[in-house]
Amino acid sequence: MIDLGLWAQLVTNGLLTGGILALMAMGLTLVFGVMDIVNVAHGTYVLLAMYLAHVLWAFFGIDPFVATLVVGPVFFLFGVVSEQVVIKRVIDESIAAQVFATLGLLWIFQNFAQLLFGSAPRSAGAGYGGISVLGVDIQEVRLYGFVVAIVLTGILYLFLYRTKIGLAIRATAQSPTLARPFGVNIDRIYTLTFGLGIGLAGVGGSVLIATRSVVPISANFLLLVAFVIVTLGGLGSITGALTAGLGIGVIDSFISYYISPSLAPPIYFALFIAVLILRSTGRGTMIRYRINQLFAGRTGGMSH
Amino acid sequence: MRDVASALARPPVYLGIALVIAAAFLPGVLATKWVHLLILTYIITVAAISWNLIGGFGGQISLGNSVFFGLTGYSIGILMVTFELPYIVAFAVGMVLTVMAALVIGYPSFKLTGHYFALATITVVEGMRFLARYFRDFTGGERGFSLVPATVTGDPLLNLSQTGHYRLALGLLVVAFLMSVWFRYSKIGYYMMAIRDDQVAASSLGIDVPRYKMYTWLLCAVLTGLAGAMYATYIQYLDPQYMFSVNQSVLYAITPVIGGAGTLLGPIIGTFLVFPMQHMAITEFGGAYGSATYMVYGALLIVLIVYAPDGVLPKLRFIGEWVNRHAPRRAPAESEASSTESPPDP
């Protein structure tokens, strides 16, 4: 029998967690979509942001949500510097070169965190309570994280679709060779995009540390979840990343409750591979076409 | 017979054989600690050599080879301890499972190209780690899995002395290297290099791309599985964090790239450059220094990718030339003839 109260609780938890995961993945989708580079180090940027927010909380008593105002800009600069030092040199190289160069960054960052903080879990439990809405318990900290995610998605969307720089970024994503003659400085757009992507990773990291603890090895899992969300949501799609993140959150919440928390990742990893393959072989498009046909058949009279 | 003789007369060949024979007697000279380090290095080298088949010669960046390593290791452990089967049966089942896993992973994944292939393979490893945790009744979960009960029942391979394990690992390394030499000069090897350089062109020339990718992938899986079996046999303790580790998977891929991807000696040089130093830093000075050395390797990797994408090996070519010039060889006329016949040095 379906327990509605329980399901409402599970869905709410899932949506709130998923929003925060989406926030973390949003930077990756921006970089992936615009620069067409697989940043394997994205998870470690989030990791370092989590540690920075932890330090701000542990030593200066700064709340993780307030810390986003510091960590975000710092990571924007961090991203700009990384782009200038490393990414710029491999952007025109083979995929292997891109993967291995960012793997190098991953090794540096992850072991830097290991060197400074060791393997003990770190967190920043800022002591938020819970509220209850219509019998559903909501952790305040997840709610605030979710709100930050939604607001940032909105801002990013407006930035990409309502400003001139946003237009230049979207043009570069579509075709760098065509954007250049229209006066777009591709190199600067790449730097800006990477900075923005890492800045978002920074915000995502400092929100994430409010909800869960971190060890250096977490970076691998964070990276893969981010990739799953980005791929399911469609490359470069900000709103797609948000919906995919929410979906993953809900799946995770249900599997964790009904079966086991350690079975949730294998299931959505399998989903991820399935989607990748459906998309690459064009079967996904065909299935969608069939479904559309099915509906067209059913509502045939109505559509005309 | 004459082919064998002329092949043996080439300096790299007989010097290599001499080196292996000398290496086989190292445990008599070295302390236990160093022999242990060498065994681990040989195991990683085997995994690196097998990555080099699919990644170096084939250009398919797999970051999922840990799956085969872990699967064979766990099969041997679980079948020997829980089901009390003899080693050879456990090993055979492990190999069959590895091949099956390679088919299941490879068949869909090879529809993907470039970074999507890398992403799909890396998620398989992380997924397997979570599965190993979920089926804790079988795998021991986070606590790991010990093969010591099987040692007590007296299996000859598990009860080998350290020197025995050392020679086993060395033998495995030699086998893996010979396999990669065969692969390099076989039809599949040339096909894979053509696919790496231009998949569309290779396909249009009539090469059955998915089939040869799959053959290479299976060979790679079997060799990595052998490395995993060797690890389980020697260490006799399986930790999901290590057996199904993304970081190990990345290590198997990065060492050939540092040494020189798509060359025969690249994976060996890369592993011997990276692994012993890092392992020593951890065991001698504690984890913090291990992390520091890994950071240095990360930076080294980036510098290599940017300034010397072919790896370290081409920079060491002068050693090979020096050896060729100064090492004794057969009469000039004959060696001339043999060198034109035989393929160029790797």
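Procedures and definitions
- Residues numbered from 1 in each chain as written.
- Chains lettered and ligands numbered in written order.
- Predicted model: local features only at pLDDT ≥ 70, side-chain atom pairs only at ≥ 80, totals over all residues.
- Heavy atoms only, no water.
- Contact = heavy atoms within 4.5 Å.
- Buried area = accessible area lost by both parts, 1.4 Å probe.
- Salt bridge = Lys/Arg side-chain N within 4 Å of Asp/Glu carboxyl O.
- Polar contact = N/O pair within 3.5 Å; in protein donor to acceptor, adjacent residues only side chain to side chain.
- Helix = DSSP H or I, 4+ residues; strand = E, 2+ residues; numbered from the N terminus.
- Nonpolar A, V, L, I, M, F, W, Y, C, P; charged D, E, K, R; others polar.
- Core = buried A, V, L, I, M, F, W, Y, C linked by side-chain atoms within 4.5 Å.
- Buried < 20%, exposed > 50% of the residue type's maximum accessible area, 1.4 Å probe, protein only.

A. Geometry of the interface of chain A and chain B. Opposite the 42 residues of chain A that make contact, chain B presents 41 residues. Here chain A meets chain B over a buried area of about 3,800 Å², counting both sides, of which 83% is carbon and sulfur. Counting the contacts that link chain A with chain B gives 0 salt bridges. Inspection of the chain A/chain B interface yields 1 residue pair in polar contact (both at pLDDT 80 or more). Contributing elements (two or more residues each) for the side of chain A that touches chain B: α3 (64–90), α4 (95–117), α9 (218–233) and α11 (264–281) of chain A. Sort the elements by how many residues they give to the side of chain A that touches chain B and α4 of chain A lands first, with 16 residues. Counted by class, the side of chain A that touches chain B contains 30 nonpolar, 9 polar and 3 charged residues.

B. Structural detail: the nonpolar core. Met35, Phe100 and Leu103 of chain A together with Trp217 of chain B are the most contacted members of the largest nonpolar core, which has 195 residues in total. Residues in contact with tryptophan 217 of chain B, not counting those within four places in the same chain, are Ile54, Ser62, Asn65, Phe68, Ala102, Ile105, Gly106, Phe110, Phe117 and Thr121 of chain B. Membership of the second largest hydrophobic core comes to 5 residues, among which are Leu16, Val136, Ile138 and Leu246 of chain A.

C. Looking closely at the pattern of salt bridges. Taken as a whole and judged by the stated rule, the model has 3 salt bridges over all chains. Arginine 196 of chain B is the partner of aspartate 197 of chain B in a salt bridge, and the nearest nitrogen-oxygen pair spans 3.3 Å.

D. Structural detail: unusual backbone geometry. Even without being glycine, aspartate 36 of chain A reaches a positive phi, approximately 55°. For aspartate 36 of chain A, the location among the structural elements is in the loop between α1 (4–35) and α2 (42–60). When its relative accessible area of 46% is taken as the criterion, aspartate 36 of chain A is described as partly exposed. Look at glutamate 84 of chain B: it is not a glycine, yet its phi comes out positive at around 55°. Relative to the helices and strands, glutamate 84 of chain B is located in the loop between α4 (66–81) and α5 (87–109). We classify glutamate 84 of chain B as exposed; its relative accessible area is 64%.

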